[in-house]
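# Coordinate inspection notes
Chain by chain, the residues:
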Amino acid sequence: MAAAREEGSVKIAFIGLGIMGMPMAKHLVAAGHTVSGYNRSRAKVDEFAADGGTAAASVTDAVQGADVVITMLPNHPEVEEVVLGQGGVLESAEPGALLIDMSTIRPETSIAIAEAARDKNVRVLDAPVSGGEAGAKQAALSIMVGGEEADFAAARPVFEALGKTVVHVGPHGAGQVVKAANQLVVGGIYGLVSEAIVLMEASGVDAKTGLDVLAGGLAANRILDLKRESMVARQFQPGFRIDLHHKDMGIATDAARQADVALPMTGLVAQLLAAARAMGHGSLDHSALLKVVEQLSGRA
Ligand code: NAD
């Protein structure tokens, strides 16, 4: 780390200032780090600069001289382009820099990036997150980290500015496997909460009252806590888009195939999310799975 910087302050490049990345990058600024932000659309970069970040004009501009490079991008093609492509992170990063990819992508891409980075003396962690937009805004994310133990230890101050539950779960790609497990559980719960709402409403029972009872018993879960009111009110602004959850279910089903296991409920939820997307709901919050469940019962 550069001697001229304040003790504990790290020079960070943050690439991908979207729903998640923007509040995360701002927390790193608030924690005293020097953060250079880059996003494909310039308006996001300007918003970040107005809040104490440094505006970068390109990936190269952001990454030059950085101790830590964080990527928070939609999916593996964007991560491959930004990290491995022309003018990408591996072309510009300082030897010894630490690349932390916090996007949710397929595990094999995380492994391939770690291998490519080794040749450039760049260290890599895959560190996808759970907790949604609210978790990002409150710096309360769960962060599941794959890679070398020593690199995880070095990245701890960065993670602690972003999340509350920060766990090293195994080698490169392991963070993404844990995230896939997280997403299949979340998708399954949304599907079941949707079915509970449809059943209660079709039976003439007030769904809000019913879900309040569920939230106090064995069926209690975070999704019921955070989303039951907005689901009953049919408020589906994202949050986490159906398109991104559809992507994540593809990662989960691919990972299951690679691991030679059958995940039948995951397969069903993946198809329901595919239906939501095919019905034109891709840009709605994933709680809009309720629309598909309603449609299946002729109640849309
Ligand atoms: P988003 O689409 O809001 O943000 C992605 C940002 O990356 C956008 O601002 C986009 O302009 C930018 N971008 C895309 N390609 C780029 C490129 N080549 N160069 C520079 N910038 C580029 O998505 P998000 O909701 O912030 O999600 C980001 C990642 O985090 C995804 O992998 C998602 O699955 C994961 N995630 C999201 C949530 C959530 O609740 N939104 C929760 C957990 C994990």
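Residues numbered from 1 in each chain as written. Predicted model: local features only at pLDDT ≥ 70, side-chain atom pairs only at ≥ 80, totals over all residues. Heavy atoms only, no water.

The protein chain is annotated in an unreviewed UniProt entry as 2-hydroxy-3-oxopropionate reductase from Prauserella endophytica. Under the UniProt heading Sequence similarities (unreviewed entry), the note attached to the protein chain is "Belongs to the HIBADH-related family." (UniProt positions renumbered as here; feature names shortened; annotations may be inferred.)

Time to look at the site of the ligand. Close contacts around the ligand come from 26 residues, with I19, M20, N39, P74 and K247 the closest. A distance of 3.0 Å separates a nitrogen atom of the ligand from a polar backbone atom of R40. Protein chains shield 93% of the accessible area of the ligand, which is 830 Å² for the free molecule. Residue assignment for the shell around the ligand shows that the elements contributing at least two residues are α4 (76–84), α7 (132–137) and α12 (242–258). (Near = heavy atom within 4 Å. Polar contact = N/O pair within 3.5 Å; in protein donor to acceptor, adjacent residues only side chain to side chain. Areas by Shrake-Rupley, 256 points an atom, 1.4 Å probe, with all protein chains shown as cover. Helix = DSSP H or I, 4+ residues; strand = E, 2+ residues; numbered from the N terminus.)

Attention now moves to the UniProt feature "domain: 3-hydroxyisobutyrate dehydrogenase-like NAD-binding" (unreviewed entry) in the protein chain. The positions UniProt marks with the feature "domain: 3-hydroxyisobutyrate dehydrogenase-like NAD-binding" (unreviewed entry) are residues 173–292. Spanning residues 173–292, this segment combines 70% helix with 0% strand, and its end C-alpha atoms are found 32 Å apart.

Okay, the packing of helix α9 (residues 174–202) against helix α14 (residues 289–296) next. Packing of α9 against α14 leaves a shortest axis separation of 9 Å and a crossing angle of 45°. When the axis of α9 is compared with that of α14, the two are oblique. Crossing of α9 against α14: the hand is right-handed. Judged by residue contacts, G187, Y190, G191, S194, E195, I197, V198 and E201 of α9 engage L289, L290, V293 and E294 from α14. (Axes fitted to C-alpha atoms, helices over the stretch in contact; angles between N-to-C directions. Parallel < 35°, antiparallel > 145°, perpendicular 65-115°, else oblique. Left-handed = near helix turned anticlockwise from the far one by under 90°. Contact = heavy atoms within 4.5 Å.)

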